[in-house]
Amino acid sequence: MLAIEVGPVDVARTRYAISPLGEAMQALRVAAGVQAAGPLRPWAERVAPRYAELRREVPAVGALTALFRRGGYNADFVHPPPSGSGAGFAAELAVVRATPLRRARLELARNLAGLRTPPRYVRRILDAPDVVTRLADALEASWRALVEPDWPRLRAVLERDLVRRAGHLAMYGWAAALSDLDPRVSWRAEGQTGTIEVRTGSRTEWDRLRPAGAGLLLMPTVFGTLISYVEPPWPYALVYPARGVADLLGPVARAPGGAALDRLVGPRRAEVLRALDVPATTTQLVAQLGLSLGAVGGHLAVLRDAGLVTRTRAGRSVRYAHTPLGAALANSPTGARPRR
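About the thresholds
- As a convention, each chain's residues are numbered from 1 in the sequence order in which they are written.
- For this predicted model, a pLDDT threshold of at least 70 governs which residues receive local features, and a threshold of 80 or more governs which side-chain atom pairs are given and counted, while totals over whole chains, interfaces and linings are taken from all residues.
- Calculation of side-chain values draws on the structure's entire complement of heavy atoms; hydrogens and water are dropped beforehand.
- Put simply, DSSP H or I for four residues or longer makes a helix, DSSP E for two residues or longer makes a strand, and each gets a number counted from the N terminus.
- It only takes one pair of heavy atoms within 4.5 Å for two residues to be counted as in contact.
- Here the term buried applies to any residue with accessible area under 20% of the maximum for its type, exposed to any over 50%, and partly exposed to those in between, with areas from a 1.4 Å probe on protein chains only.
- In protein, a polar contact means a hydrogen-donor-capable atom and an acceptor-capable atom, both N or O and within 3.5 Å, with residues adjacent in sequence counting only if both atoms are side-chain atoms; elsewhere, any N or O pair within 3.5 Å suffices.
- Paired strands, as defined in this entry, are two strands with at least two bridges between them according to DSSP.
- An axis is simply a line fitted to the C-alpha atoms; with a helix, the fit covers only the stretch in contact. Between two such axes, the angle follows the N-to-C directions and lies from 0 to 180 degrees.
- Residues belong to a common nonpolar core when they are buried Ala, Val, Leu, Ile, Met, Phe, Trp, Tyr or Cys residues joined through side-chain atoms within 4.5 Å.
- Within a predicted model, pLDDT stands for the predictor's per-residue confidence, ranging from 0 to 100.
- Should an angle fall under 35 degrees it is called roughly parallel, over 145 degrees roughly antiparallel, and 65 to 115 degrees roughly perpendicular, with every other angle called oblique.

(A) Up close: the environment of Pro 82. Here Pro 82 is to be found in the loop between helix 4 (60–67) and helix 5 (89–97). Each C-alpha atom, one on Pro 82 and one on Val 30, is 21 Å from the other, the two residues being 52 residues apart in sequence. When near neighbours in sequence (up to four residues on either side) are disregarded, Pro 82 contacts Arg 15, Ala 17, Ile 18, Ser 19, Ala 87, Glu 92, Leu 217 and Met 219.

(B) Focus on the environment of Arg 144. Tracing the backbone shows Arg 144 in helix 8 (residues 131–147). Residue Arg 144 is classed as partly exposed on the basis of its relative accessible area, which comes to 40%. Along the primary structure Arg 144 and Leu 54 are separated by 90 residues, whereas in three dimensions their C-alpha atoms are 9.9 Å apart. Within the structure, the side chain of Arg 144 is placed 2.8 Å from the side chain of Glu 148, a separation counted as a polar contact.

(C) A look at the sheet that holds strand 4 (residues 193–198). Ordered by their spatial adjacency, four strands build an open sheet running 3-4-1-5, and the pairing between neighbours is mixed. Strand pairing shows two members of the sheet lacking a second neighbour, strand 3 (185–190) and strand 5 (207–209), which therefore form its edges. Taken pair by pair, the neighbouring strands of this sheet meet at an average axis angle of 20 degrees, ignoring direction.

(D) Looking closely at the side chain of His 299. Note on placement: His 299 falls in helix 15 (residues 293–305). Leave out the neighbours within four places in its chain, and His 299 touches Arg 268, Arg 269, Val 272 and Leu 291.

(E) Expanded view of the nonpolar core. Counting 72 residues, the largest nonpolar core has Leu 135 and Leu 146 as its most contacted members. Top contributing element to this core by residue count: helix 8, with 11 residues. With sequence-adjacent residues up to four places away left out, Leu 146 is seen in contact with Ala 27, Leu 28, Ala 31, Trp 43, Val 47, Arg 50, Tyr 51 and Leu 54. The next biggest cluster of nonpolar side chains, apart from the first, holds 19 residues, and it includes Leu 276, Leu 291, Val 296 and Ala 330.

(F) The confidence of the model for the chain, seen in detail. Scored by pLDDT, the chain comes out at a mean of 85, with 90% of its residues at no less than 70. Confidence over residues 333–340 falls short of pLDDT 50; this stretch has 40 contacts with residues more than four positions distant or in other chains.

(G) Structural detail: the packing of helix 2 (residues 20–31) against helix 5. Across the interface, helix 2 lies against helix 5 with an axial gap of 7 Å and an inter-helix angle of 75 degrees. It follows from the interaxial angle that helix 2 and helix 5 lie roughly perpendicular. Contacts between helix 2 and helix 5 pair Pro 20, Leu 21 and Ala 24 from the former with Phe 89, Glu 92 and Val 96 from the latter.

Quick look at the structure:
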């Protein structure tokens, strides 16, 4: 268990980032069955043929999945935290490819300690002098096959969660930012300071960490679960599940009578209203819903005139959100899917 002690300066220096490479790693875990699919099961079933082909064509993918473990150490060099919120997949993969062989060997040995002896072909790949290149190639192939086709929509969900949570931290502090991060994460205030408590694994002792004004790195994920980074040279970081994922990758679940809102405002307009469960820009709604920019803009204009949505400018972006009336309609038993 982790106890991360933070002060006022840590709020200002806490960063949020999106990691395309991390999404590729987590998607691979779900596709391989290492991590339970849960609400992502429709996605896992849809990509199962792609994953099977990936395993046949790129043997090093099997070596990557052989390294996955729960509640234990996973080699850091294949999933380094991103350096900034705008880092793309290519930039993150370049960091992996630049890993010194000696460091990769040490991390792989630590990763494999206590695991069953991997298959012979996996051992050959992990013992190869070009193991870093082979694993990086496997990561790139996994990204292309599993994540990249859906990336515009996935990125829209991650960006929305990131902006929402960063706003809560800046305006209301740690308690608001962590309130629905994950059931295993909680906040304990202590005057001007406080402690972020992370209950992971089976240990009963607390590991106490102090960012000492450096802040944290918080990363939403579509495919993953709660993950913590607490070892040098990386910054203290938490990966947490983003909101709104289940309806993005699987069929929309509606409560009984959900068609009533469709009849009231029209099915497409109702879809836009429901999608604003998390505030979004027009571009993000286009990516998520697969509608044209003009169609989304027209629906938002009507919903705004009806008093169901509001708009707020934040820098160069304009974000739309429910008004209290819009939220009541979108989340009522007769109007929409339940919140996730």
